[in-house]
Amino acid sequence: MASMRDIKRRKSSIQSTQQITKAMKLVSTVKLQKAKAHAEQTDPYFQYMYRTVTSMLARSGNMDHPYLKDNGSDKIAIVVITSNRGLAGGYNTNITKLVQGSGLPVGQVELYTIGTKGKEILERKGYQVADDKSDIIENPTYKDAMEVCDKVLKDYEEGKIGQIYLAYTHFKNTVVHQPKLMKLLPVEFSDTDIQSAEKNLLMNYEPNERDALDLIIPKYVTSIFYGALVEAAASENGARMQAMDSATSNAEDMISDLSLKYNRARQGSITQELTEIIAGAEAIS
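Residues numbered from 1 in each chain as written. Predicted model: local features only at pLDDT ≥ 70, side-chain atom pairs only at ≥ 80, totals over all residues. Heavy atoms only, no water.

Chemist: Any details on the overall build of the protein? Residues and values, ideally.
Modeler: In terms of helices and strands, the protein carries six helices and five strands. Going residue by residue from the N terminus, the α and β elements of the protein occur as α-β-α-β-α-β-α-β-β-α-α. In terms of C-alpha radius of gyration, the protein reaches 28 Å, well past the compact-globule figure of 19 Å for 285 residues. Dimensions of the protein along its principal axes, counting C-alpha atoms only, are 115 × 35 × 35 Å. (Helix = DSSP H or I, 4+ residues; strand = E, 2+ residues; numbered from the N terminus. Rg over C-alpha atoms; globule rule 2.2 N^0.38 Å.)

Chemist: Tell me about the sheet that holds strand S4 (residues 163-171), and name the residues and values.
Modeler: Adjacent strands of a sheet pair through backbone hydrogen bonds, lying either parallel or antiparallel. In space, the five strands of this open sheet follow the order S3-S2-S1-S4-S5, with mixed pairing throughout. Two strands bound the open sheet, and with one partner strand each, they are strand S3 (128-132) and strand S5 (177-185). For this sheet, the mean angle separating the axes of adjacent strands, direction not counted, is 25 degrees. For strand S2 (residues 109-114) and S3, the ladder comprises four bridges, and the chain directions are parallel. (Pairing = 2+ DSSP bridges. Axes fitted to C-alpha atoms, helices over the stretch in contact; angles between N-to-C directions.)

Chemist: Talk me through the packing of aromatic side chains; I want residue IDs and the actual numbers.
Modeler: Per the stated rule, a full pass over the model turns up three aromatic pairs. Ring centres of Phe 46 and Tyr 168 lie 6.1 Å apart, and the angle between their planes is 90 degrees; this geometry places the pair in the edge-to-face category. In this pair, Phe 46 sits in helix H1 (residues 4-58) while Tyr 168 sits in strand S4, placing the two residues 122 residues apart along the sequence. Side by side, Phe 46 and Tyr 168 carry an identical accessibility label, which is buried. Measuring from centroid to centroid gives 6.4 Å for Tyr 50 and Tyr 220, while their planes differ by 25 degrees, and the two rings are stacked. Of the two residues, Tyr 50 is situated in helix H1 and Tyr 220 in helix H6 (residues 209-284); the sequence distance between them amounts to 170 residues. When its relative accessible area of 0% is taken as the criterion, Tyr 220 is described as buried. The ring of Tyr 48 has Arg 51 lying over it, and the distance from NZ or CZ to the ring centre is 4.6 Å. (Phe/Tyr/Trp six-rings, centres within 6.5 Å; stacked < 30°, edge-to-face > 60°. Buried < 20%, exposed > 50% of the residue type's maximum accessible area, 1.4 Å probe, protein only. Lys NZ or Arg CZ within 6 Å of the ring centre and 35° of its normal.)

Chemist: Explain the pattern of salt bridges residue by residue, including any values.
Modeler: A full pass over the atoms with the stated rule returns nine salt bridges. Residue Lys 160 is joined to Glu 158 by a salt bridge in which the shortest nitrogen-to-oxygen separation is 3.4 Å. Take Lys 160: its relative accessible area is 47%, and that puts it in the partly exposed class. According to the relative accessible area criterion, Glu 158 is partly exposed, its value standing at 46%. For Lys 261, the salt bridge goes to Asp 257, with nearest N and O atoms at 3.5 Å. Of this pair, Lys 261 and Asp 257 both sit in helix H6, four residues apart, roughly one helical turn. Taking relative accessible area as the criterion, Lys 261 reaches 39% and is therefore assigned partly exposed. The network of salt bridges with common partners includes Lys 151, Asp 155, Glu 158 and Lys 160. (Salt bridge = Lys/Arg side-chain N within 4 Å of Asp/Glu carboxyl O.)

Chemist: Can you explain the nonpolar core? Please cite residues and give values.
Modeler: Most often, soluble globular proteins keep nonpolar side chains buried together rather than apart. Membership of the largest hydrophobic core comes to 50 residues, with the highest contact counts inside it found for Leu 57, Ile 81, Leu 166, Leu 184, Leu 185, Val 221 and Phe 225. Every element with two or more residues in this core is listed here: H1, strand S1 (76-81), S2, helix H4 (142-157), S4, S5 and H6. Among the elements that take part in this core, H6 stands out by supplying 15 residues, more than any other. One finds Val 80, Ile 95, Val 99 and Tyr 127 within the second-largest nonpolar core, a separate group that totals twelve residues. (Core = buried A, V, L, I, M, F, W, Y, C linked by side-chain atoms within 4.5 Å.)

Chemist: Before we move on, can you summarise the environment of Leu 111 with the specific residues and values?
Modeler: Here Leu 111 shows up in strand S2. By relative accessible area, which is 0% here, Leu 111 ends up buried. In this structure, the C-alpha to C-alpha distance between Leu 111 and Thr 275, residues 164 residues apart in sequence, is 71 Å. Apart from residues lying up to four places away in sequence, Leu 111 is in contact with Ile 78, Val 80, Leu 122, Tyr 127, Gln 128, Val 129, Ala 130 and Asp 131. (Contact = heavy atoms within 4.5 Å.)

See the structure below:
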């Protein structure tokens, strides 16, 4: 059985840790409120942009455009959004497991990472990192999303990559965060989009298809990236708040258990001292 001194030291250490987890929970809660409001405002535009562009392209027929055709490259780009810090439960590992379980060949995947945690984990698993923009995850802006989009689309146009995927965490509510893997280019159409296209006239572009898509596709990809960054930021703070709340609760349980052990050890020590005093008094008499 541990001594009273060991128990007291252990209890003191856990109490110090509990103070840290409480503070981190409060900070994450404040950040979550701001990020949640931002994500809820952005989500409708994010979703409608995706549905509108895919529906529009489904009604466009076969078009000869660099963003919509196979450029011959077998490389697959995945834009992976994680965090720069840990202590967020399974937030980062859920995304890296999603990428690993996607079925995409490791040797063909080129990562465009946003968040050092995901970058470090996937690099250890053998994935190659083509570009890293981890600094933008702390306070993502539309301009940041545009810079990521420009880099990825430039590599796509130059034939360095042949497909573009996005791995991020969808913010559903404060306690539910869903890791998602989306294919952005070449655009894939759902059965609903195809059926709708068959019932409607083909899309007409003015002044011409190429000029219109040169404007639409970059805005489409940038909007998807920005929406994902905003949702990822909210999900990270939500996950960290839950993790720190659980850690604080676990620390409280451990402190209660150690207090009980300390009282038992103290009672045993007092009983032993009384027994020794009584035994000594009897020996003298």
